[in-house]
Amino acid sequence: MKISTKNALTNEQIKTVIYKQFKYSEVTSIKQFKEGTLNTVYLIKGTQELRNGVVLKTAPDESAGLPLLEKGGLYTEVYVYQLLQDHHVPVPKMYAYDFSRKVIPYNYILLECVKGKTWSNYFSNYLLLNKSRPELMKKLGKINAKLHGIEGKWFGYIKEERHYRYTSWSEAFTAMVSDLLEDARKHGYKIPYTEILSAIEQRKELLDEIQTPKLVNYDMWTGNIYLAPKKEKLTISGIIDFERFFFGDPLATFPSFMLDRLEKDPNFISGYSKVINDHFTFSQEDKIRLVLYDIYTHLVEIACTYRYPKIIAEIYRYYLNSKIKTFLKKLSKNEYVIK
């Protein structure tokens, strides 16, 4: 399936980027990753510093018609990599970045190659993954607790433009949802626009119980988590892709499409609790906010359907819209139980 945001570089362009950073190495192989639906990513291997491989990640061309959510994603990623340098979180090393578009016509970053394969790639090895899952979820809980321990200076997206930064979580979250709705409206998508904004407006005080902006990984799915074998099991070797990080309520991490509901996983909660030195539990207010974040998650997915073939996109949007209506019904009926 061809993705509209993908760009193509020649081998010579890629070598120009690599040799700018690794002057004494020789490129012997270049491979484009098939995973991912936004950026174009290459694995480059060679001699000396390239023997374990480096990753070249390039942003889409500005003409790709990106929704606001996905504009400036590499700025966010670089910011987060720099922020995490001293926090003992398993992330690849960032070697360089360049937003000048003088070397190649796209913004890019150069990263260390993470060992292993993505969690998604282990789905076919059910027995190994199932045996490893309790410890994987516990470690994932610890990683997220460490991320949530990092405070920001504002609420909202991590973008270069400062008008995306807010002093309260209700302002930031309302703006984030409004931007997604505006993108949807431009495309003519059928969504309960008024009902969504009304549901948030009615719960602003609840959102503003979050007084301190925390770092939130809003792309916590199995394609962004790398696993590597260790003593007949799998362990987390790295977390990648930080374009959707923001500062806000840590609970916004929890609605996840590929890991089921993190808040229902006892191993995840156990690992999280160990880092914060307290048993992590959910209040009634937390459960209400989680439903709002579910709505946001599904709006994000709707915003990203522009990349897909028309029929696939329409079917997926129909499903996502029906889920949003279910969440709105939960809010109206006060049904917030975590099962």
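Above this text you will find the structure in question.
Since this is a predicted model, take the numbers as computed values, not measurements. (Residues numbered from 1 in each chain as written. Predicted model: local features only at pLDDT ≥ 70, side-chain atom pairs only at ≥ 80, totals over all residues. Heavy atoms only, no water.)

Caption draft 1: Layout of the packing of aromatic side chains. As enumerated under the stated definition, the model contains 25 aromatic pairs in all. Pairwise contacts between aromatic rings join Phe155, Trp169, Phe173, Tyr218, Phe246, Tyr293 and Tyr296 into one cluster. Taking NZ or CZ as reference, Lys117 lies 4.6 Å from the ring centre of Tyr122, over its face. Seen from the ring of Tyr157, Lys159 lies directly overhead, with NZ or CZ sitting 5.4 Å from the centre. (Phe/Tyr/Trp six-rings, centres within 6.5 Å; stacked < 30°, edge-to-face > 60°. Lys NZ or Arg CZ within 6 Å of the ring centre and 35° of its normal.)

Caption draft 2: Focus on the pairing of strand S2 (residues 40–46). Here S2 lies mainly inside the structure; six of its seven residues are buried. Relative to S2, strand S1 (residues 27–32) runs antiparallel, the two being bridged by five bridges. Its bridge partner being in S2, Lys31 is matched across the sheet by Leu43. In terms of strand pairing, S2 meets strand S3 (residues 54–58) through five bridges, oriented antiparallel. From the neighbouring strand, Leu43 faces S3, where its bridge partner is Val55. (Buried < 20%, exposed > 50% of the residue type's maximum accessible area, 1.4 Å probe, protein only. Helix = DSSP H or I, 4+ residues; strand = E, 2+ residues; numbered from the N terminus. Pairing = 2+ DSSP bridges.)

Caption draft 3: Inspection of the environment of Ser273 at higher detail. By the secondary structure assignment, Ser273 is in helix H7 (residues 266–276). Through-space distance from the C-alpha of Ser273 to that of Ala145 is 7.9 Å; in sequence the pair is 128 residues apart. Once residues lying within four places of it in the same chain are set aside, the contact partners of Ser273 are Asp278, His279 and Phe280. (Contact = heavy atoms within 4.5 Å.)

Caption draft 4: Quick peek at the sheet that holds S3. Overall, antiparallel pairing links the five strands, which are arranged S1-S2-S3-S5-S4 in an open sheet. Only two strands of the sheet have a single partner each, and these edge strands are S1 and strand S4 (94–98). The average angle at which neighbouring strand axes cross in this sheet is 20°, direction not considered. Together, S1, S2, S3, S4 and strand S5 (108–112) form the strand contacts of helix H1 (residues 11–21), whose direction differs from that of S1 by roughly 120°. (Axes fitted to C-alpha atoms, helices over the stretch in contact; angles between N-to-C directions.)

Caption draft 5: A look at the sheet that holds strand S12 (residues 246–248). The strand order S8-S7-S12-S9 describes an open sheet built from four strands, whose pairing is antiparallel. Since the sheet does not close on itself, it has two edges, and those belong to strand S8 (165–166) and strand S9 (214–216), each with one partner. Sheet contacts for helix H4 (residues 169–187): strand S7 (155–157), S8 and S12; angle to S7, the most-contacted strand, approximately 25°.

Caption draft 6: Structural view of helix H8 (residues 284–303). Between its first and last C-alpha atoms H8 spans 29 Å; for 20 residues at 1.5 Å apiece the expected length is 28 Å, and the two agree. H8 sits mainly inside the fold: 17 of its 20 residues count as buried. (Expected span 1.5 Å × (residues − 1).)

Caption draft 7: Region of interest: the environment of Ile312. In this structure, Ile312 sits in helix H9 (residues 310–333). Spatially, the C-alpha atom of Ile312 lies 27 Å from that of Ala252, the residues being 60 residues apart in sequence.

Caption draft 8: Region of the structure containing the side chain of Asp294. Checked against the element boundaries, Asp294 lands in helix H8. Residues contacting Asp294, with those up to four places away along its chain left out, are Pro255, Arg261 and Phe327.

Caption draft 9: Summary view of unusual backbone geometry. Positive phi, close to 55°, is recorded for His88, a residue that is not glycine. Overall, the relative accessible area of 68% leaves His88 in the exposed class. At Lys231, a position not held by glycine, the phi torsion is positive, near 50°. Within the secondary structure, Lys231 is located in the loop between strand S10 (225–230) and strand S11 (233–239). Judged by its relative accessible area of 77%, Lys231 falls in the exposed class.

Caption draft 10: Representation of the packing of helix H5 (residues 193–201) against H9 within the structure. At their nearest, the axes of H5 and H9 sit 11 Å apart, and the two run at 40° to each other. The angle between H5 and H9 falls in the class oblique. Crossing of H5 against H9: the hand is left-handed. Here Glu195, Ile196 and Ala199 of H5 lie close against H9, whose contacting residues are Ile324, Leu328 and Leu331. In terms of residue class, the contact of H5 with H9 is built from five nonpolar, no polar and one charged. (Parallel < 35°, antiparallel > 145°, perpendicular 65-115°, else oblique. Left-handed = near helix turned anticlockwise from the far one by under 90°. Nonpolar A, V, L, I, M, F, W, Y, C, P; charged D, E, K, R; others polar.)

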